[in-house]
Amino acid sequence: KRSKHTNHAADDKQLQAQLKRLGVNSIPGIEEVNMFMENGSVIHFSGPKVQASVSSNTYVISGHSETKRLEELLPGIINQLGPDNLMNLKRIAETFTAESNKPGEGADEDIPDIGDNFEDVSNK
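Residues numbered from 1 in each chain as written. Predicted model: local features only at pLDDT ≥ 70, side-chain atom pairs only at ≥ 80, totals over all residues. Heavy atoms only, no water.

Draft legend 1. Region of interest: the overall build of the protein chain. Per the secondary structure count, the protein chain includes four helices and six strands. Counting helices and strands in the order they occur from the N terminus, the protein chain gives α-β-β-β-β-β-β-α-α-α. Taking all 124 residues of the protein chain together, the buried fraction comes to 19%. (Helix = DSSP H or I, 4+ residues; strand = E, 2+ residues; numbered from the N terminus. Buried < 20%, exposed > 50% of the residue type's maximum accessible area, 1.4 Å probe, protein only.)

Draft legend 2. Expanded view of the sheet that holds strand β2 (residues 32–36). In spatial order, the strands read β2-β3-β6; together these three strands make up an open sheet with antiparallel pairing. Of all the strands in the sheet, just β2 and β6 (65–69) have a single pairing partner and so form its edges. Each neighbouring strand pair of the sheet contributes to a mean axis angle of 25 degrees, computed without reference to strand direction. With five bridges joining them, β2 and strand β3 (residues 41–46) adopt antiparallel strand pairing. (Pairing = 2+ DSSP bridges. Axes fitted to C-alpha atoms, helices over the stretch in contact; angles between N-to-C directions.)

Draft legend 3. Spotlight on the side chain of Asn-34. Looking at the element boundaries, Asn-34 is found in strand β2. Using a relative accessible area of 12% as the deciding quantity, one classes Asn-34 as buried. In terms of polar contacts, Asn-34 uses its side chain to reach the side chain of His-44, at 2.6 Å. (Polar contact = N/O pair within 3.5 Å; in protein donor to acceptor, adjacent residues only side chain to side chain.)

Draft legend 4. Summary view of the pairing of strand β4 (residues 49–53). Within β4, four of the five residues are buried, which leaves it mostly tucked inside the rest of the structure. Bridge count between β4 and strand β5 (residues 58–62): five bridges; the pairing is antiparallel. Within β5, the position partnered with Ser-53 by the bridge is Thr-58. The turn linking β4 back onto β5 is made up of four residues, and Asn-57 within it adopts a positive phi angle of 55 degrees.

Remember that the coordinates give geometry; whether it matters functionally is a separate question.
Below you can see the structure in the form of structure tokens.
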């Protein structure tokens, strides 16, 4: 027996009917939504449609989403981070520190070695 799949418009109509039954209302003016995952990645929605029903504890976020690494969204989302992301921030900081301390690649390359007597070097 073959199952017949209805088109997406019918699915959307059924979904909207169920959401209406739950008393979901649109929340205007939300520019972005970020969902932080345990593995350190972020589901990022830019310009989403957000609907909510606090009494039903139901939140609906729809629109185009992208899965990004936390590093890609910093520092713009630093104020959205909570204590759950503290370990991810530490990992990012350690990686950044390790990369900047690689021998031969540091900022010390531009600083000449002046030895013991500064006056001799400055008179050259």
